[in-house]
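Now for the letters of each chain:
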Amino acid sequence: MSYEFDFADVFAAWPELLQGLLNSLVLSALAMAIGMVVSVAGALGKTSGPGWLRRIIDEYIELIRNTPFLIQIFVIYFGLPAAGLKFSSNAAALLALVVNVGAYGIEIIRAGIESIQKGQVEAGKSLGMRPLQIFRYIILKPAIQAIYPSLTSQFILLMLNTSVCSAIAASELTAVAGDIQSRTFRSFEVYFVATCLYLGLSVFFWTVFAGIERAFLRKPTR
């Protein structure tokens with residue numbers, strides 16, 4: 001039995017694929033932006049907050065890092081309505097991505113903060129700098145240099161994880177590919193093109209992030 005490859009129907013649906021790709025990018029960017037707010041707040045709470053707050057943050061991190069992302073989506077989309085909290089598929093996908101990336105981001109940023117030598121912080125205090133000034137001028141840039149590779153990797157993983165959101169019919173690339181496949185019955189062709197799009201996005205962002213690191217964040221060499 002032979003199979004004839006035919007990409008005509010897939011390319012005819014190219015506008016739908018591009019829209020799905022754009023939706024995936026928007027979902028990724030929003031989740032990363034909001035997730036970084038959660039991450040910074042959580043990292044500060046874990047490094048300088050009271051004991052009870054640190055325990056709560058630790059439990060949150062362990063819960064998210066030790067459960068499948070798909071289950072987290074299902075809990076938000078199918079489970080929370082039982083408690084009176086109902087979300088659209090796109091809102092549930094965004095919330096799940098934020099909750100997920102926030103947990104990983106907290107640990108990444110915490111590691112960056114703790115990589116700063118205490119002597120630098122003490123020098124800032126001796127100069128009369130306020131805690132916010134110390135964080136902004138002494139901790140932030142060196143910490144960004146330390147955590148930038150991990151954060152960029154996390155963004156790409158987040159972008160690829162948006163494909164899981166198709167399980168709740170969120171409007172992103174994999175969901176669009178599934179709709180096209182159900183109409184055309186061209187499973188290989190549809191998902192091959194979707195794979196190429198995801199791969200192209202990953203390579204593009206790796207290149208951009210590497211260029212930013214070289215231009216702005218690379219430590220000077222003697």
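Residues numbered from 1 in each chain as written. Predicted model: local features only at pLDDT ≥ 70, side-chain atom pairs only at ≥ 80, totals over all residues. Heavy atoms only, no water.

**So, the overall build of the protein chain**
When helices and strands are counted, the protein chain shows nine helices and zero strands. Along the protein chain, from the amino end to the carboxyl end, the secondary structure elements read α-α-α-α-α-α-α-α-α. Taking the principal axes of the C-alpha coordinates as reference, the protein chain spans close to 75 × 55 × 30 Å. Taken across its 222 residues, the protein chain has 37% of its residues classed as buried. In the protein chain, once contacts between residues fewer than 6 apart in sequence are set aside, the share between residues at least 24 apart is 78%. Accessible surface, the protein chain as shown: approximately 12900 Å² in total, 65% of it carbon and sulfur. Across the protein chain, 17 positive and 14 negative side-chain charges occur, with their mean positions spaced 18 Å apart. (Helix = DSSP H or I, 4+ residues; strand = E, 2+ residues; numbered from the N terminus. Buried < 20%, exposed > 50% of the residue type's maximum accessible area, 1.4 Å probe, protein only. Contact = heavy atoms within 4.5 Å. Areas by Shrake-Rupley, 256 points an atom, 1.4 Å probe, with all protein chains shown as cover. Lys, Arg positive; Asp, Glu negative; His and termini not counted. Charge placed at Lys NZ, Arg CZ, Asp CG, Glu CD.)

**With respect to the environment of Gln145**
Along the chain, the position of Gln145 falls in helix α7 (residues 131-161). C-alpha separation for the pair Gln145 and Val208, spaced 63 residues apart in sequence, amounts to 16 Å.

**Here's the deal with the UniProt feature "transmembrane region" (unreviewed entry) in the protein chain**
Under the feature "transmembrane region" (unreviewed entry), the UniProt entry names residues 20-45, 66-85, 91-113, 134-151 and 190-212. Secondary structure content for residues 134-151 is 100% helix and 0% strand, and the end C-alpha separation is 22 Å. (UniProt positions renumbered as here; feature names shortened; annotations may be inferred.)

**Thoughts on the packing of aromatic side chains**
Pairs of aromatic rings are described using the distance from one ring centre to the other and the angle between the two planes. Throughout the structure, instances matching the rule amount to twelve aromatic pairs. Taken together, a centroid distance of 5.8 Å and an interplanar angle of 25 degrees make the contact between Phe7 and Phe11 stacked. Here Phe7 falls in the partly exposed class, since its relative accessible area comes to 24%. Look at Phe11 and you get partly exposed, because its relative accessible area is 49%. Between Phe204 and Phe205 the ring centres are 5.3 Å apart and the planes differ by 70 degrees, which places this aromatic pair in the edge-to-face class. Phe204 gets classed as partly exposed once you look at its relative accessible area, which sits at 47%. Judged by relative accessible area, Phe205 falls into the buried class, the value being 15%. (Phe/Tyr/Trp six-rings, centres within 6.5 Å; stacked < 30°, edge-to-face > 60°.)

**Digging into the confidence of the model for the protein chain**
Confidence in the prediction for the protein chain averages 91 pLDDT; 98% of positions are at 70 or higher. In the model of the protein chain, helix α6 (residues 118-126) stands out as the element of lowest mean pLDDT, 83, in contrast to helix α4 (residues 69-79), which has the highest, 96. (pLDDT = per-residue confidence, 0-100.)

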